[in-house]
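Listed below, chain by chain, are the residues.
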Amino acid sequence: MERRPIHPQGPTFSRIIAGAWRWHNVSQETVERLALVALEEGITSFDHADIYGDHGNEIVFGKTLIKNPSLRNKIELITKCDIRFPSAQRPATRIKHYDTSKAHLVWSVENSLKNFHTDRLDLLLIHRPDPLLDPHEVGEAFEQLKKEGKVLHFGVSNFTTGQFRMLQKHLPFPLVTNQIEISLSRIEPLFNGDLDLMLEMGISPMAWSPLAGGQLDVDERTMFSLAGKYHASYTQMAIAWLLRHPSKIFPVIGTTQPERIREIAKSINIQLERQDWFEMLRWVMGKDLP
Ligand SMILES: NC(=O)c1ccc[n+]([C@@H]2O[C@H](COP(=O)([O-])OP(=O)(O)OC[C@H]3O[C@@H](n4cnc5c(N)ncnc54)[C@H](OP(=O)(O)O)[C@@H]3O)[C@@H](O)[C@H]2O)c1
């Protein structure tokens, strides 16, 4: 599996990242197996969030790290924060909201470190843009977390280009990525400036739900005929389509099936020809390009 820096100033991640959002649907043993199979396939980067599995998925992954003590130094841990919602785990939260206050960011990171039984996060992402985000306060929180060695790199998720630039302006170090939804079923980032900003800044985006959560809305018959040319599966073609973009997208895959991790990892070997890439775009656009 290719590894590359997601930003010129690091960090280096595996080109395909394993996402843990859906991993509460499986047993502790399966989570361990997913992690180990991913690693066998060269997928070393794991995407979490404080809220996944009603605040439980980090804890389950942390148990895997305890059981496999050599694992932590072989992987990169990504997590997110700022979404808060009512839950038995968070009785003080009355209403779903976003919270980028310094107190919450610092508390959330410290809680994630406890959950993972680790002393550092490789990357922290602000999960969703907070309309009350005060860039000075976020900057203070990030600086403190970096100085304490608790977070090595920072980024954002679901930010517009304007929100990205605004926050970056107030930070003494770079935001290393924007994790956004991109797939054959969500092609807007190709045209709305999201990927252009990444190219302008020399940053790679991460693509969440790269297979549209298993609901890719494309013409399967045509997809299969092109897949035959590459001796690839439908799924591999969809991931290869993302990998072909010059911003060097890092797809964050969400399967809960170890064998599917193995299948998807092979997408890295597919080099889509330009016209085939456009053929796939044409299917989802449903018409010729202008
Ligand atoms: N930043 C954000 O706001 C945000 C939002 C959503 C997700 N994420 C991140 O992105 C990751 C991926 O999201 P996602 O789970 O929606 O991604 P995905 O890879 O597009 O979808 C995975 C889902 O598709 C199903 N699926 C059906 N056929 C499949 C096939 N042939 N191969 C693989 N999967 C197939 C999987 O089922 P099986 O499990 O049965 O394989 C699973 O339920 C999450 O884990 C999370 O880390 C971030």
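In what follows, the accompanying structure is described. Keep in mind that this is a model prediction, so the values were computed, not measured. (Residues numbered from 1 in each chain as written. Predicted model: local features only at pLDDT ≥ 70, side-chain atom pairs only at ≥ 80, totals over all residues.)

**Focus: the overall build of the chain**
Next, step 1: Broken down by element type, the chain carries 11 helices and 12 strands.
Next, step 2: Overall size of the chain, expressed as C-alpha extent along the three principal axes, is 55 × 40 × 35 Å.
Next, step 3: The 290 residues of the chain split such that 39% are buried.
Next, step 4: Within the chain, counting contacts between residues at least 6 apart in sequence, those at least 24 apart form 78% of the total. (Helix = DSSP H or I, 4+ residues; strand = E, 2+ residues; numbered from the N terminus. Buried ≥ 20, exposed ≤ 12 C-beta atoms within 10 Å, placed from the backbone. Contact = placed C-beta atoms within 7 Å.)

**Thoughts on the packing of helix α1 (residues 28–40) against helix α3 (residues 57–67)**
Next, step 1: In contact at an axis separation of 9 Å, α1 and α3 are set at 65 degrees when each is read in the N-to-C sense. Between α1 and α3, the crossing angle belongs to the class labelled roughly perpendicular. Viewed along their axes, α1 and α3 form a crossing whose handedness is right-handed. Between α1 and α3, the contacting residues are Gln-28, Val-31, Glu-32 and Ala-35 on the first element and Val-60, Phe-61, Lys-63, Thr-64 and Lys-67 on the second.
Next, step 2: The residue inventory of the contact of α1 with α3, partitioned by class, reads 4 nonpolar, 2 polar and 3 charged. (Axes fitted to C-alpha atoms, helices over the stretch in contact; angles between N-to-C directions. Parallel < 35°, antiparallel > 145°, perpendicular 65-115°, else oblique. Left-handed = near helix turned anticlockwise from the far one by under 90°. Nonpolar A, V, L, I, M, F, W, Y, C, P; charged D, E, K, R; others polar.)

**Regarding the sheet that holds strand β3 (residues 17–19)**
Next, step 1: The strand order β3-β4-β5-β8-β9-β10-β11-β12 describes a closed barrel built from 8 strands, whose pairing is parallel. Neighbour-to-neighbour, the strand axes of this sheet turn through a mean angle of 25 degrees, independent of strand direction.
Next, step 2: Bridge count between strand β5 (residues 76–81) and strand β8 (residues 123–126): 4 bridges; the pairing is parallel. What sits directly across from Lys-80, in β8, is Leu-125.
Next, step 3: Relative to β5, helix α4 (residues 102–116) is tilted by about 140 degrees, and along the sheet it contacts β5 and β8. (Pairing = 2+ DSSP bridges.)

**What to know about helix α10 (residues 258–265)**
Next, step 1: Within the sequence span of α10, burial applies to Ile-261, Ile-264 and Ala-265. Projection of α10 onto a plane perpendicular to its axis shows the buried side chains occupying an angular sector of 100 degrees, all on one side.
Next, step 2: Buried residues in α10 make contact with β3, α1, α9 (234–243) and β12 (250–253). (Arc of directions from axis to C-beta.)

**Some words on the pairing of strand β9 (residues 154–157)**
Each regular strand shows side chains that alternate between the opposite faces of the sheet.
Next, step 1: The alternating pattern of β9 places Phe-154 and Val-156 and Gly-155 and Ser-157 on opposite faces, both of which are buried.
Next, step 2: Between β8 and its parallel partner β9, the chain crosses via helix α5 (residues 135–147), and the hand of that crossover is right-handed.
Next, step 3: Bridge count for β9 against strand β10 (residues 175–181) is 3 bridges, and the pairing is parallel. From the neighbouring strand, Val-156 faces β10, where its bridge partner is Asn-178. (Right-handed = clockwise from strand over helix to strand, strands pointing away.)

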